[in-house]
Amino acid sequence: MPPELDVYGVFIPSFFVVAIIAYVLTQALIGVLARIGFYRLVWHRALLNVALYVCIVGALFSASQWLSS
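Predicted model, so just to flag it, every value in this text is computed and none were measured.

**Observations concerning the environment of G58**
Then, number 1: You can see G58 is positioned in helix 2 (residues 45-68).
Then, number 2: Between the alpha carbons of G58 and A34 there is a distance of 23 Å; along the sequence they are 24 residues apart.

And the structure:
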């Protein structure tokens, strides 16, 4: 993935695009976990949500680096 994306003359960092995609995926995963009742087993829901987001951002960024090689 290139370091910057050109969107109609505006340069956007590729990490920002990865972060937005990760946010959408995290929100979908949070909805699924809430629906199946997983949060009853979790001590700190907000901490788990942040950890899920960080893991998904890392996985997507790593995958984008691997695919661009």
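This is not the end of the story, as more comes after the structure.
**Quick word on helix 1 (residues 14-36)**
Then, number 1: Relative to the 33 Å expected for 23 residues at 1.5 Å per residue, helix 1 spans 33 Å between its end C-alpha atoms, a close match to the ideal helical length.
Then, number 2: Those residues of helix 1 that sit buried are S14, V18, A19, A22, T26, I30 and L33.
Then, number 3: Along its buried surface, helix 1 packs onto strand 1 (4-7), strand 2 (10-13) and helix 2.
Then, number 4: Immediately downstream of helix 1, the backbone of G37 shows phi near 85°, a positive value.

**Looking at the pairing of strand 2**
Then, number 1: Judged from the 4 bridges that link them, strand 1 and strand 2 form a sheet pairing that is antiparallel. Counted as the bridge partner of V7 is V10 from strand 2.

**Focus on the confidence of the model for the protein chain**
Then, number 1: Residues of the protein chain with pLDDT of at least 70 account for 99%, and the chain-wide mean is 93.
Then, number 2: For the protein chain, per-element mean pLDDT is lowest for strand 1, which scores 85, and highest for helix 1, which scores 96.

**Let's talk about a nonpolar patch on the surface**
Then, number 1: A grouping of L29, V32, I36, F38 and L41 is seen on the molecular surface, where their side chains present a nonpolar patch of about 480 Å² in accessible area.
Then, number 2: Note on placement: V32 falls in helix 1.

**Re the packing of aromatic side chains**
Then, number 1: One pass over the full model with this rule turns up 2 aromatic pairs.
Then, number 2: Where F15 meets F61, the ring centres are 5.6 Å apart and the plane angle is 75°; that geometry is what we call edge-to-face. Taken together, the residues F15 in helix 1 and F61 in helix 2 connect sequence positions 46 residues apart.
Then, number 3: Residue classification places F15 among the partly exposed positions, given a relative accessible area of 44%.
Then, number 4: For F61, a relative accessible area of 31% translates into the label partly exposed.
Then, number 5: Both rings, one in F38 and one in Y39, keep their centres 6.4 Å apart while their planes meet at 65°; by these two values the pair is edge-to-face.
Then, number 6: With relative accessibility at 32%, the residue F38 sits in the partly exposed group.
Then, number 7: By relative accessible area, Y39 is classed as buried at 13%.
Then, number 8: Note that R45 overlies the ring of Y39, its terminal NZ or CZ placed 4.0 Å from the centroid.

Conventions used here
The residue numbers shown here count from 1 along each chain, following its written sequence. The model is predicted, so local features are restricted to residues of pLDDT at least 70 and side-chain atom pairs to those at 80 or more, both for listing and for counting; the totals for chains, interfaces and linings are taken over all residues. Only hydrogens and water are set aside when side-chain values are computed; all heavy atoms of the structure are taken into account. For helices the rule is a DSSP run of H or I covering at least 4 residues; for strands it is a run of E covering at least 2, with both sets numbered from the N terminus onward. For a helix, the expected span equals 1.5 Å multiplied by the residue count minus one. Burial classification: accessible surface area is computed with a 1.4 Å probe over protein chains only, and a residue below 20% of its type maximum counts as buried, one above 50% as exposed, and the rest as partly exposed. For this analysis, residues touch if any pair of their heavy atoms sits within 4.5 Å. Pairs of strands are assigned from DSSP output, requiring at least two bridges between the strands. Every residue is assigned a pLDDT by the predictor, reflecting its confidence on a scale from 0 to 100. In this analysis, a patch consists of residues with relative accessible area above 30% that form no salt bridge, clustered at 9 Å for like charges and at 5 Å for the nonpolar side chains Val, Leu, Ile, Met, Phe, Trp and Tyr. The Shrake-Rupley method, run with a 1.4 Å probe, gives the accessible areas here. Residue values count only the displayed protein chains as cover. Within this document, salt bridges are pairs made up of a side-chain nitrogen of Lys or Arg and a carboxyl oxygen of Asp or Glu, the two lying within 4 Å of each other. Each pair of aromatic rings taken from Phe, Tyr and Trp, with Trp reduced to its six-membered ring, is defined by centres within 6.5 Å and is described as stacked if the planes are under 30 degrees apart, edge-to-face if over 60, and tilted in the remaining cases. Look at NZ for Lys and CZ for Arg. If either is within 6 Å of the ring centre and within 35 degrees of the ring normal, a charge sits over the ring.

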